[in-house]
Amino acid sequence: MPLYENKSLAPAPEPKLDPSKHGKKQIWVIPYSDEVFVNYRDYLNRIAFYNKSQWQCAVTGRQGLTYEEAIENEKKHREQLKKFPRGLKRQILQMVQFSTDRLDVLANQIFDKYNEEFTIGEYVTIKNEREGKKRHVFITFLKLKGKIVDVKTSAAPAEVTKGKGSKTRKSVLTAQTTVYRVQMLDKQGNSVQQVAKNGSHKYLIRTFNGGENLSRNKLSFNKTLIRLFIKQSTTKDTYLHAPWIVKDDLAKKYKVTTKLPDDLKKAKDEAREKSRKRKGKATQGGPSKKAKINKGANTRARSDGAQKGNKKGSTSRGKRAPASKKQTTKVATSKEQAKKLAEKKRQKEREKKKREAERKKEKERKAKEREVQKRLKAEQKKAKYPTEDLDVPLDKNLLPKRPHMVLDFKIPQKYIGTFLMTWNFFTVFGKSLGISFLTLDDLELSFYHNIIQPRCTLVIEMHAALLNAIIRDRLHSKSKKRQSTPRVAPALRDQINGSDYMDIDDRKSVLASRDVLERFAKTWDKRVIPPKDSRKGWECVLIGCLYQMGTYETIPNVDRILSHLAPVDSANASEEDFEGYFSTLEVADKLQIMEFLINIVAKTAPIHEHIEDCVNKQTELNKEKNEIVKEKKQIANSLAEIAKANFTVSRGKGKDRSDPTNGEESIVSRKRKLEEEEIALQKREENIEKEKRRYALPRTNPMGRDRFHNKYYYFDEIGLVVNERYGAGRILVQSPRSRELADVLTEAGRQKYNKRRKIEESFGPEEAQWGYYEDPEQVDDLLKWFNEKGQREVSLKKEVIYRLSEIKSGMVKRMQDIVASRKSAEVRRSRRTQATKALLSQQPYMKWFNKLAK
């Protein structure tokens, strides 16, 4: 029951009514207090009294409530206390009994001690249950539920050594371990059964050593509930440092000792004695301070006068006057009393000065605290979020460090940008070039294919598609002038001229190499490479294209590449030999060639036509979306009008009951139709957004940047060619270059940047380093690391959350494909009958087939 001025109020007396006399008498009832009134004025006075904001909740002690609010607050917290673990009540009450700590300190101690201790009959959740235990296998966390059926504690001896050398001592300690037996439950809360070998059914019970892998519902055991439980179960006296005492009925129920310790009993008696003395002085109305002072002064005056009289008598008579024993004792007692009074007065003055000094210090301290709080509040008001990410202080509620990324690209870090650009170009313009979808993993492995047999179809088709696009564009523009003179690299030119001491055979071989390059440069663009015969001769076309169109700006290592593709002894080489020369190129050289070809193809007519088609399609989709927005506004207005009409019909129905319900039925049917149309328009709008992403150009825009200016990319499965199981299947992260940081950071900002980066992330020494996240759980941790108070990270987090479902599904599908390919490779490897080349031909990138070959 709520308290008024810290006291419970008795309800109003129930009126005694005789049904025979007062059968039709009107009464008034207060529903939340169940009080009945016969007099209306008494009822109003009681309601006004209950509406005062002076009531207190008896459970939580919250003040400033009305009677009804206090009752609701009590019901709410009593319902919460029903969920409190029953098995822990006895231990907690024993810990609380006779404790003198504050309530919050006591609640923290109890929570820290029993947070991972569970009791029989308690429902728990099992943590860290995983599917799949192999490395590089996708792992999912399972949330299993159970009920504790048995708890056992055992003590195990453990030796501890102390000291060094000969003074080493061994001591034996006992470490307690708790074993929990948990009955597994399904989603509906029923006990899970398992079938034994003999066909019988038994309950599935699991055993856990300690409570690390178990957790309870936070709503059933937290610090707030602990405080409520202590308040409801205990009493506390009003004097300083009074102990918590468990109520008698609960102490008997849970067998808690009720005998107060001697030191607490002594403190209690002293406190009661002090309060009794204060009350006694207040009731008796003893003499005031002024009276005591006057009394002391009079006694001193009398004693001084007596002494003076004695002195005068002795001088006049020449002899000391004799005094009786009674007079001497009175003088002695008066002197002692005067000394005691003077000492008490000085002591009181000292205590008074001490108290005044303490009050002054306390006032100064509180004034300083108020100034600090005001300054902090002013700073908080000035700081408007979101702000610059590096100015946001570290938040203890967020992850302290960014989740660790995967950095094991097979491609060198220097060329990962070129590698990603190549894959993105083929996924966007693959349909125009005649290339089917290829995964990022297959493309990465294809650059490391360095043997002739078996041939890599993916490598051949990529180069053939790019070369054919260049050849078609050159054949289409025959009327235009073009540079047909072959370019000779300086390194090769030195070899062609030769030195004075060069042998005749060496000169002939150099001239033979020049003849091969010039022959390929004259014939490479005469016709496209046909798909028949597995694109036979495509290497010769590539050599001619590089020799004629390559420059130092487009291919920095063009001399070394040409000398490797057409060595001096290649005059009589076959097409297979040239294919072998290409396959043994370094990965960096292959990527330079691919970048050179893509830059040329990007200027051809098919690519421009594809871009124009995408722009036109985007314009059409935007128009359609605008129309849908207009229709949705009209539907919203119509629904608002229907709501008003329905309201007027319902109000008019009570006035005229003879009206038919046809109007109301027509309103309901029209409302249903409009709602169905609104749902259909919403679905169409979502499809339009997906369609817009299919035709979006460019697709290389990052999702955003974090506080350290790292860029985050995700290439999804939505696109003209990418419309497969998944896109990149991972979130790619690129660290900023030093030039970029120089443009956005000052010297002070750079120091803050380096300091924060050492604390929160470790990226690596290389500049513009790439990494990626491939696990959905890492994405969740990444979202916990982002701080929404920062300008960059708030937009980045919104974008990641918006695309979270497709990011996780793409990651899962990619990991499933990797696992399937590894399992098939392990099965083939166990047969031990196939050669290495046969095993290589079964790799995923070797199984790629071009469905759009031209």
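Computed from a predicted structure; not experimentally measured.

## Focus on helix α12 (residues 457-476)
For α12, which comprises 20 residues, the first-to-last C-alpha distance of 28 Å matches the rise-based estimate of 28 Å (1.5 Å per residue) to within 8%. In terms of burial, α12 is largely enclosed, as 15 of its 20 residues are buried.

## Quick look at the sheet that holds strand β5 (residues 55-56)
An order of β2-β1-β5 is seen for the three strands of this open sheet, with the pairing classed as antiparallel. Edge positions in the sheet fall to β2 (7-8) and β5, since each of these pairs with one other strand and no more. As paired strands, strand β1 (residues 3-4) and β5 are joined by two bridges and run antiparallel to one another. When the bridges of β5 are listed, leucine 3 appears paired with glutamine 56.

## Some thoughts on the packing of helix α3 (residues 89-96) against helix α4 (residues 103-114)
One way to put it is that α3 packs onto α4 with a least axis distance of 11 Å and a crossing angle of 140 degrees. Relative to α4, the element α3 is oriented oblique. Judged by the sense of rotation from one axis to the other, the crossing of α3 with α4 is right-handed. Seen from α3, the contacting residues are Gln91, Ile92, Met95 and Val96; seen from α4, they are Leu106, Gln109, Ile110, Lys113 and Tyr114. For the contact of α3 with α4, a count of residues per class yields six nonpolar, two polar and one charged.

## Brief notes about the side chain of arginine 814
Within the secondary structure, arginine 814 sits in helix α25 (residues 804-831). Residue arginine 814 is classed as buried on the basis of its relative accessible area, which comes to 3%. One polar contact links arginine 814 to glutamate 774, side chain to side chain, over a distance of 2.9 Å. Setting aside anything within four residues of it in sequence, one finds arginine 814 in contact with Asp441, Tyr726, Ala728, Gly729, Arg730 and Glu774.

## Focus on the pairing of strand β18 (residues 770-773)
Burial along β18 is two-sided: the face carrying Trp770 and Tyr772 and the face carrying Gly771 and Tyr773 are both buried. Bridge analysis of strand β17 (residues 731-734) against β18 gives four bridges, and the strand direction is antiparallel. Note on β18: the bridge partner recorded for valine 733 is glycine 771.

## Examining the confidence of the model for the chain
Overall, the predicted model of the chain reaches an average pLDDT of 78, with 76% of residues at or above 70. Here residues 288-295 is modelled with pLDDT under 50, and outside its nearest four sequence neighbours on either side it reaches one contact, counting other chains as well. A low-confidence stretch, residues 654-658 stays under pLDDT 50, and its non-local contacts, those more than four residues away or across chains, total zero contacts.

## Brief notes about the nonpolar core
Of all hydrophobic cores here, the largest spans 74 residues; its most connected members are Leu433, Leu466, Leu546 and Leu597. Examining the composition of this core, we find that 11 residues originate from one element, α12, more than from any other. If we ignore the near neighbours within four places in the chain, the residues touching leucine 546 are Ile555, Ile561, Leu562, Leu565, Ile593 and Phe596. In this structure, Trp28, Leu106, Val246 and Val256 belong to the second largest nonpolar core, which totals 39 residues.

## Observations concerning the packing of α12 against helix α15 (residues 538-549)
Relative to each other, α12 and α15 sit at 55 degrees, their axes nearing to 10 Å. Taken together, the axis directions place α12 and α15 in an arrangement best described as oblique. The two elements α12 and α15 cross, and the hand of that crossing is left-handed. Taken together, the residues of α15 that come into contact with α12 (itself represented by Ile460, His463, Leu467, Ile470, Ile471 and Arg474) are Trp538, Val541, Leu542, Cys545, Gln548 and Met549. In terms of residue class, the contact of α12 with α15 is built from nine nonpolar, two polar and one charged.

## Quick look at a nonpolar patch on the surface
Taken together, Leu17, Ile27 and Val29 make up a surface patch of nonpolar side chains, about 220 Å² in accessible area. The residue isoleucine 27 is located in the loop between β2 and β3 (28-30) in this model. Among the residues examined, isoleucine 27 registers a relative accessible area of 38% and is labelled partly exposed.

## Side note on the packing of aromatic side chains
How two aromatic rings sit relative to each other is given by the distance of their centres and the angle of their planes. Overall, the coordinates contain 27 aromatic pairs when judged by the stated rule. With centroids separated by 6.1 Å and ring planes inclined at 40 degrees, the aromatic side chains of tyrosine 32 and tyrosine 67 adopt a geometry described as tilted. Residue tyrosine 32 is found in the loop between β3 and β4 (35-37), and its partner tyrosine 67 is found in helix α2 (residues 67-82); the two are separated by 35 residues along the sequence. The buried category is assigned to tyrosine 67, whose relative accessible area is 8%.

## Structural notes on the environment of cysteine 540
Its location among the elements puts cysteine 540 in helix α15. A residue is classified by how much of its surface remains accessible, and cysteine 540, at 13% relative accessible area, is buried. Once the C-alpha coordinates of cysteine 540 and tryptophan 524 are considered, the two residues, 16 residues apart in sequence, prove to be 7.2 Å apart. In this structure, cysteine 540 is in contact with Phe520, Glu575 and Phe578, ignoring residues within four places of it in sequence.

## As for empty space enclosed by the protein
Tallied over the entire structure, the rule returns six cavities of 30 Å³ or more. Size it by volume and the largest cavity reaches roughly 100 Å³. Lining the largest cavity are 13 residues, with His449, Ile451, Cys456, Val459 and Ser583 sitting closest to its centre. Where the lining of the largest cavity is concerned, the elements lending two or more residues are α12 and α17 (575-583). Tallying contributions element by element places α17 first for the lining of the largest cavity, with three residues. Across the lining of the largest cavity, the residue classes tally to seven nonpolar, three polar and three charged.

## Observations concerning the sheet that holds strand β15 (residues 704-705)
Taken together, the four strands give an open sheet; going across it, the order is β15-β16-β17-β18, and neighbouring strands pair in antiparallel fashion. This sheet does not close on itself; its edge strands, each paired only once, are β15 and β18. Pairing of strand β16 (residues 711-713) with β17 involves three bridges; the strand directions are antiparallel. Across the sheet, the residue bridging to tyrosine 713 is leucine 732, located in β17.

## So, a negative patch on the surface
A grouping of Glu627, Glu631, Glu675, Glu676 and Glu677 is seen on the molecular surface, where their side chains present a negatively charged patch. The element that contributes the greatest number of residues to the negative patch is helix α20 (residues 662-694), accounting for three residues. Mapping glutamate 676 onto the fold places it in helix α20. Classification of glutamate 676 as partly exposed rests on a relative accessible area of 48%.

## Quick look at a positive patch on the surface
Taken together, the side chains of Lys352, Arg355, Arg359 and Lys363 define a basic patch exposed on the protein surface. Of note, lysine 363 is situated in helix α9 (residues 325-382). By relative accessible area, lysine 363 is classed as exposed at 60%.

## Here's the deal with unusual backbone geometry
The omega torsion of the bond from glutamine 453 to proline 454 falls at 0 degrees, within 30 degrees of zero and hence cis. Mapping proline 454 onto the fold places it in the loop between α11 (440-446) and α12. A positive phi angle, near 65 degrees, is found at phenylalanine 98, a position not held by glycine. Tracing the backbone shows phenylalanine 98 in the loop between α3 and α4. Here the phi dihedral of lysine 255 falls at roughly 55 degrees; this positive angle occurs in a residue that is not glycine. Along the polypeptide, lysine 255 turns up in the loop between α6 (248-253) and α7 (262-284).

## A short note on the pattern of salt bridges
The tally for this structure, following the rule as stated, stands at 29 salt bridges. A salt bridge links glutamate 685 to lysine 632, with the shortest nitrogen-to-oxygen separation between them at 2.9 Å. Placement of the pair is glutamate 685 in helix α20 and lysine 632 in helix α19 (residues 605-655), with a sequence separation of 53 residues. By relative accessible area, which is 14% here, glutamate 685 ends up buried. Sharing partners across several salt bridges, the network here consists of Asp441, Arg730, Glu774 and Arg814.

About the cut-offs
- Residues numbered from 1 in each chain as written.
- Predicted model: local features only at pLDDT ≥ 70, side-chain atom pairs only at ≥ 80, totals over all residues.
- Heavy atoms only, no water.
- Helix = DSSP H or I, 4+ residues; strand = E, 2+ residues; numbered from the N terminus.
- Expected span 1.5 Å × (residues − 1).
- Buried < 20%, exposed > 50% of the residue type's maximum accessible area, 1.4 Å probe, protein only.
- Pairing = 2+ DSSP bridges.
- Axes fitted to C-alpha atoms, helices over the stretch in contact; angles between N-to-C directions.
- Parallel < 35°, antiparallel > 145°, perpendicular 65-115°, else oblique.
- Left-handed = near helix turned anticlockwise from the far one by under 90°.
- Contact = heavy atoms within 4.5 Å.
- Nonpolar A, V, L, I, M, F, W, Y, C, P; charged D, E, K, R; others polar.
- Polar contact = N/O pair within 3.5 Å; in protein donor to acceptor, adjacent residues only side chain to side chain.
- pLDDT = per-residue confidence, 0-100.
- Core = buried A, V, L, I, M, F, W, Y, C linked by side-chain atoms within 4.5 Å.
- Patch = residues over 30% accessible without salt bridge, like charges linked within 9 Å, V, L, I, M, F, W, Y side chains within 5 Å.
- Areas by Shrake-Rupley, 256 points an atom, 1.4 Å probe, with all protein chains shown as cover.
- Salt bridge = Lys/Arg side-chain N within 4 Å of Asp/Glu carboxyl O.
- Phe/Tyr/Trp six-rings, centres within 6.5 Å; stacked < 30°, edge-to-face > 60°.
- 1 Å grid on protein atoms, 1.4 Å probe; cavity = no way out; pocket = protein on both sides within 12 Å on 5 of 7 lines; lining within 4 Å.
- Points joined across faces, edges and corners; volume = space filled by probe spheres on them.
- Lys, Arg positive; Asp, Glu negative; His and termini not counted.
- Charge placed at Lys NZ, Arg CZ, Asp CG, Glu CD.

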